[in-house]
Amino acid sequence: MLDFIYYPVSWILWFWHRVFGFAFGADNGVSWALSVVFLVFTLRLVLYRPFVRQVRTTKQMQELQPQIKELQKKYKNDRQKMALEMQKLQKDHGFNPLMGCLPILAQVPVFLGLFHVLRSFNRTGHGFGQLGMDPYTNAHTPNYVFNVDDVQSFLSARIFGAPISAFITAPAEELQAFADYGGTPSRLSIAAVAIPLMVIAAIATHFNARASVARQTPEAAANPQAAIMNKLALWVFPFGVLVGGPFLPIAILLYWVSNNIWTYGQQHLVFGRMAKEEEAKLQAKKEKQAQNAPKPGAKPVDVRKKQSAKPTGESDDETTESAAVANGSSAAKANGRPKQSGQRKPGGQKRSGSRGRANQKRRR
């Protein structure tokens, strides 16, 4: 049913087993353990860009929390209008909530695929998804892309005496599948490997959640839904690893530990780059403000005031002429002589203004 997941997971695991099997030996438990670890790294490398977009989306969502609260308060009685306004807000800011869930959603099928493929190396159990094979038939039946030799190699692989496909609560008949390939393992040897991995996985899950919560804004942390999710991530999920660990194969616990280690390192890398980007933007903004600021000792000029003082539609020539007339009038007043009316003679002398009126009286 889910072969489109099982086969790609098998191919990646098969590839890394060939690489590390060449270095350490095909039946070595280290080869199989490193194959699982690098299966995780391969997946997380493919999902690196979606993870970066997830981080940016989460941060953007935190920054938009005040506006989202205003919309919820404004349209609390009209859910349809509130949904439309929320979509408009997301569109204006290029915000896509689905990008915040994509990396997690992509890891779920891989986790289930790896769990099924690892479980299918030992199909002697009787239960949901098991085939109830006898040990001989199981060892001589291929497992997806793994041939019979690969299945027997996996059954022979040990880490500190424990098969990596075994789990603490495994029934006794399932443990008999390893009898002809390294002996039947004891529960104590399985627990000695599984319990430390469970504890490491729980601690790593807690610290990853703590790093994410510490980067939240105070507004986002005050949101009731976010507060509940933070408590779940900080305490419930790590406790779930401890509770569910005895039912998980050692290889799945390796998957969990390596996935948390990658997440911890990737978070610091991505958030460090984002902090540098924000610092560079802030520095560029300060430099731009410094360039526009007046020089020391210079009187600031209000350009808008200058433009408003000049009448609209007045040409530069008219402005110059009016300024000249104004200057002339001021000069005349300064010399104590009022400006006299009249025309100038061709020689440049000014004709008296009263002379014309006296001649008119004489003619009368």
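Residues numbered from 1 in each chain as written. Predicted model: local features only at pLDDT ≥ 70, side-chain atom pairs only at ≥ 80, totals over all residues. Heavy atoms only, no water.

Trainee: Run through unusual backbone geometry, naming residues and quoting values.
Mentor: Outside of glycine, negative phi angles account for most residues, and trans bonds account for most peptide bonds. With a phi close to 55 degrees, Tyr144 is a non-glycine residue in the positive phi region. Positive phi is not limited to glycine here, since Phe160 has a value of about 55 degrees. Topologically, Phe160 is positioned in the loop between helix H8 (148-156) and helix H9 (172-175). For Phe160, a relative accessible area of 77% gives the class exposed. (Helix = DSSP H or I, 4+ residues; strand = E, 2+ residues; numbered from the N terminus. Buried < 20%, exposed > 50% of the residue type's maximum accessible area, 1.4 Å probe, protein only.)

Trainee: For the packing of aromatic side chains, give the residues involved together with the corresponding values.
Mentor: By the definition in use, this model includes 16 aromatic pairs. When the ring of Trp11 is compared with that of Trp14, the centres are 5.7 Å apart and the planes differ by 80 degrees; the resulting orientation is edge-to-face. One end of the pair is Trp11 and the other is Trp14, both in helix H1 (residues 3-24) and three residues apart, which spans about a single turn. Grouping aromatic residues by their ring pairs yields a cluster made of Phe15, Trp16, Phe20, Phe38, Phe41 and Trp262. (Phe/Tyr/Trp six-rings, centres within 6.5 Å; stacked < 30°, edge-to-face > 60°.)

Trainee: Give me the lowdown on the confidence of the model for the protein, citing residues and values where you can.
Mentor: Averaged over every residue, the pLDDT of the protein is 79; residues scoring 70 or more account for 76%. Across residues 313-326, where pLDDT falls below 50, the model places three contacts with residues more than four positions away in sequence or in other chains. In the predicted structure, residues 329-343 sits below a pLDDT of 50 and forms ten contacts with residues beyond four places in sequence or in another chain. (pLDDT = per-residue confidence, 0-100. Contact = heavy atoms within 4.5 Å.)

Trainee: Could you give an account of the environment of Gly161, naming the residues involved and the relevant values?
Mentor: By secondary structure assignment, the location of Gly161 is in the loop between H8 and H9. Put simply, Gly161 and Ser186 are 25 residues apart on the chain and 8.8 Å apart in space, counted from C-alpha to C-alpha. Not counting residues up to four positions away in its chain, the partners in contact with Gly161 are Pro185 and Ser189.

Trainee: Explain the pattern of salt bridges to me, and be specific about the residues and the numbers.
Mentor: The final tally for this structure, using the stated rule, is one salt bridge. With a closest N to O distance of 3.4 Å, Asp150 and Arg18 form a salt bridge. Linking Asp150 in helix H8 with Arg18 in helix H1, this pair joins segments that are 132 residues apart in sequence. Judged by its relative accessible area of 5%, Asp150 is buried. (Salt bridge = Lys/Arg side-chain N within 4 Å of Asp/Glu carboxyl O.)

Trainee: Account for helix H3 (residues 48-63), naming residues and giving values.
Mentor: For H3, spanning 16 residues, the distance from its first C-alpha to its last is 23 Å, which sits close to the expected 22 Å at 1.5 Å a residue. Within H3 the residues assigned to the buried category are Pro50, Phe51, Val52, Gln54, Val55, Thr57, Gln60 and Gln62. (Expected span 1.5 Å × (residues − 1).)

Trainee: Quick rundown of the environment of Phe111? Include the residues and the values.
Mentor: With respect to the helices, strands and loops of the structure, Phe111 is situated in helix H6 (residues 102-119). We classify Phe111 as partly exposed; its relative accessible area is 21%. The spatial distance from the C-alpha of Phe111 to the C-alpha of Trp256 is 9.2 Å, given a sequence separation of 145 residues.

Trainee: Account for the nonpolar core, with residues named and values stated.
Mentor: Judged by nonpolar contacts, the single largest core of 50 residues is most densely connected at Leu114, Leu118, Phe121 and Ile250. Mapped by element, the contributors of at least two residues to this core are H1, helix H2 (29-46), H6, H8, helix H10 (187-214) and helix H13 (250-292). For Ile250, the contacting residues outside a window of four places in its chain are Ala162, Pro163, Ile164, Ala166, Ile190, Val193, Ala194 and Leu197. In this structure, Leu64, Ile68, Leu71 and Met86 belong to the second largest nonpolar core, which totals seven residues. (Core = buried A, V, L, I, M, F, W, Y, C linked by side-chain atoms within 4.5 Å.)

Trainee: For empty space enclosed by the protein, give the residues involved together with the corresponding values.
Mentor: One pass over the structure, following the stated rule, counts one cavity of 30 Å³ or more. The calculated volume of the largest cavity comes to roughly 80 Å³. Taken together, Leu118, Arg119, Asn122, Gln130, Ser165, Ala166, Phe167, Ala170, Glu174, Leu175, Phe178 and Pro249 form the lining of the largest cavity. Taken together, the elements giving at least two residues each to the lining of the largest cavity come down to H6 and H9. (1 Å grid on protein atoms, 1.4 Å probe; cavity = no way out; pocket = protein on both sides within 12 Å on 5 of 7 lines; lining within 4 Å. Points joined across faces, edges and corners; volume = space filled by probe spheres on them.)

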